[in-house]
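# Tertiary structure, described
The primary structure of each chain is shown beneath.
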Amino acid sequence: QVQLVESGGGLVQAGGSLRLSCAASGTIFSINVMAWYRQVPGKQRELVADINSGFSTNYMSDSVKGRFTLSRDNAKNTLYLQMNGLKPEDTAVYYCYAQIRQLRGLAYYDYWGQGTQVTVSS
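The structure contained in this document is the topic of the report that follows. Treat the numbers as computed from the prediction; the structure is a model and nothing was measured.

Calculation rules
For every chain, the first residue of the written sequence is number 1, and numbering continues from 1 onward in sequence order. At least 70 in pLDDT is required for a residue's local features to be given in this predicted model, at least 80 for side-chain atom pairs to be given and counted, and no such filter applies to totals for whole chains, interfaces and linings, which use all residues. Excluding hydrogens and water, the side-chain values take into account all heavy atoms of the structure. Aromatic pairs are defined between Phe, Tyr and Trp rings, using the six-membered ring for Trp, whenever the two ring centres lie within 6.5 Å; interplanar angles under 30 degrees are classed as stacked, those over 60 as edge-to-face, and all others as tilted. Comment: the charge-over-ring label is applied if NZ (Lys) or CZ (Arg) is within 6 Å of the ring centre and within 35 degrees of the ring normal. Strands are runs of DSSP state E lasting at least two residues, helices are runs of H or I lasting at least four, and both sets are numbered from the N terminus onward. For this analysis, residues touch if any pair of their heavy atoms sits within 4.5 Å. Polar contact is defined as a pair of N or O atoms within 3.5 Å, subject to the rule that within protein one atom must be able to donate a hydrogen and the other to accept it, and that residues adjacent in sequence are counted only when both atoms are side-chain atoms.

Taken as a whole and judged by the stated rule, the model has three aromatic pairs. What links up through ring pairs into an aromatic cluster is the set Tyr37, Tyr97 and Trp112. Over the ring of Trp112 we find Arg45; its NZ or CZ atom is 4.8 Å from the centre of that ring.

What follows is the structure, encoded as structure tokens:
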């Protein structure tokens with residue numbers, strides 16, 4: 001079994017910072033792309049940023065460029081999102097995503113975390 005567990009969400013004032021973490025655990029052989037998505041009620045889940053196993057950021061939303069930094073620690077199977085200069089419009093549930101190949105498998109499958117709430121007050 002594979003599990004993604006997010007942490008680091010919370011309530012912060014506008015201009016503040018938070019650091020989200022996503023730890024993958026279980027019978028993992030390798031992890032390809034990892035990403036953060038976010039969703040607000042009534043809207044589709046949107047991609048915030050993703051990063052491949054070679055530490056290259058493939059994509060970062062224009063709405064967070066210059067404020068958010070994505071990184072990963074392959075040794076710990078952990079993804080991070082450093083969020084600075086937070087704005088009320090960043091309020092959402094943030095979900096971790098990963099493409100994971102398990103020890104006894106040949107293919108990569110999509111996995112999601114349970115989500116962590118980020119609320120930015122004005």
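Structurally, Ser21 can be placed in strand E3 (residues 18-26). If sequence neighbours within four positions are ignored, Ser21 has contacts with Val5, Glu6, Ser7, Trp36, Leu79 and Tyr80.

Quick look at the side chain of Thr116 now. Relative to the assigned elements, Thr116 resides in strand E11 (residues 116-121). Looking at Thr116, its side chain comes within polar contact range of the main-chain nitrogen of Gly9, at 3.3 Å. The residues contacting Thr116, other than those within four sequence positions of it, are Glu6, Gly9, Leu20, Ala92, Val93 and Tyr94.

As far as function goes, none of this settles anything; it's purely spatial.
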